[in-house]
Amino acid sequence: MFTLLIVLIALIGIVMTLLILLQSGKGGGLAGIAAGGTTQILGARQAPDVLEKGSWFLGSVFLVLCVLTNFVITDEQRGSVLQDRALEAPIEQTVPLAPPPAAPEAGSADDATGGDGN
């Protein structure tokens, strides 16, 4: 079931990409904010065509299938290949650890003069 949903999501993604690329541009970009943006807000825009309706429908189905996939997934499918290999690989220490730095002695000359040596 999980594999079927993943294949459906991939196919819907491809078809949705093609539908979006086939749509004609609405024009304006940022220039449309000042010039023609108010007509779209007030409802003078034409009804969406078939391509736009199809994009909205496929986008909705895409989101629903993505959410449903999370409920169908099993424990065996939750991990990733990287996590599995990290758990299987032996832990090797290739670089030897350096010894910790030595602590200054309590009666040194630096402590008496304030630490700057002058």
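Residues numbered from 1 in each chain as written. Predicted model: local features only at pLDDT ≥ 70, side-chain atom pairs only at ≥ 80, totals over all residues. Heavy atoms only, no water.

Engineer: Where do I start with the overall build of the protein chain in this structure?
Structural biologist: Assigned secondary structure in the protein chain consists of 6 helices and 0 strands. Counting helices and strands in the order they occur from the N terminus, the protein chain gives α-α-α-α-α-α. When burial is assessed residue by residue, the protein chain has 13% of its 118 residues classed as buried. In the protein chain, of all internal contacts separated by at least 6 residues, the share reaching a separation of at least 24 is 85%. (Helix = DSSP H or I, 4+ residues; strand = E, 2+ residues; numbered from the N terminus. Buried < 20%, exposed > 50% of the residue type's maximum accessible area, 1.4 Å probe, protein only. Contact = heavy atoms within 4.5 Å.)

Engineer: Hey, could you run me through the nonpolar core in this one?
Structural biologist: The tendency in soluble globular proteins is for nonpolar side chains to be buried as a group. Membership of the largest hydrophobic core is limited to 7 residues, which are Leu5, Ile9, Ile12, Met16, Leu19, Leu58 and Leu65. Of all the secondary-structure elements, those providing two or more residues to this core are helix H1 (2-22) and helix H3 (50-72). Ranked by residue count, the leading element in this core is H1, at 5 residues. Once you skip the residues sitting within four places of it in the chain, Leu58 turns out to touch Ile12, Val15, Met16 and Leu19. (Core = buried A, V, L, I, M, F, W, Y, C linked by side-chain atoms within 4.5 Å.)

Engineer: Would you take a moment to explain a nonpolar patch on the surface for this structure?
Structural biologist: Among the surface-exposed residues, Val7, Leu11, Ile14 and Leu18 lie close enough to one another that they form a single nonpolar patch of about 380 Å² accessible area. Looking at where Leu18 falls in the secondary structure, it is placed in helix H1. (Patch = residues over 30% accessible without salt bridge, like charges linked within 9 Å, V, L, I, M, F, W, Y side chains within 5 Å. Areas by Shrake-Rupley, 256 points an atom, 1.4 Å probe, with all protein chains shown as cover. Salt bridge = Lys/Arg side-chain N within 4 Å of Asp/Glu carboxyl O.)

Engineer: Sorry, what's going on with H3 here?
Structural biologist: Along an α-helix, residues three or four apart share an orientation, since each turn contains 3.6 residues. Here H3 is 23 residues long and its end C-alpha atoms lie 32 Å apart, about the 33 Å a rise of 1.5 Å per residue gives. Buried within H3 we find Glu52, Ser55, Leu58, Gly59, Leu65 and Thr69. On its buried face, H3 is in contact with H1. (Expected span 1.5 Å × (residues − 1).)

Engineer: Before we go on, may I ask you to explain the environment of Leu22 in this structure?
Structural biologist: Among the secondary structure elements, Leu22 is positioned in helix H1. Separated by 29 residues in sequence, Leu22 and Leu51 place their C-alpha atoms 7.6 Å apart.

Engineer: What is the right way to read the side chain of Ser55 from this model?
Structural biologist: Within the secondary structure, Ser55 is located in helix H3. Polar side-chain contacts of Ser55 include one of 2.7 Å to the side chain of Gln23. Look past the residues within four positions of Ser55 in its chain and what remains in contact with it is Met16, Leu19, Ile20 and Gln23. (Polar contact = N/O pair within 3.5 Å; in protein donor to acceptor, adjacent residues only side chain to side chain.)

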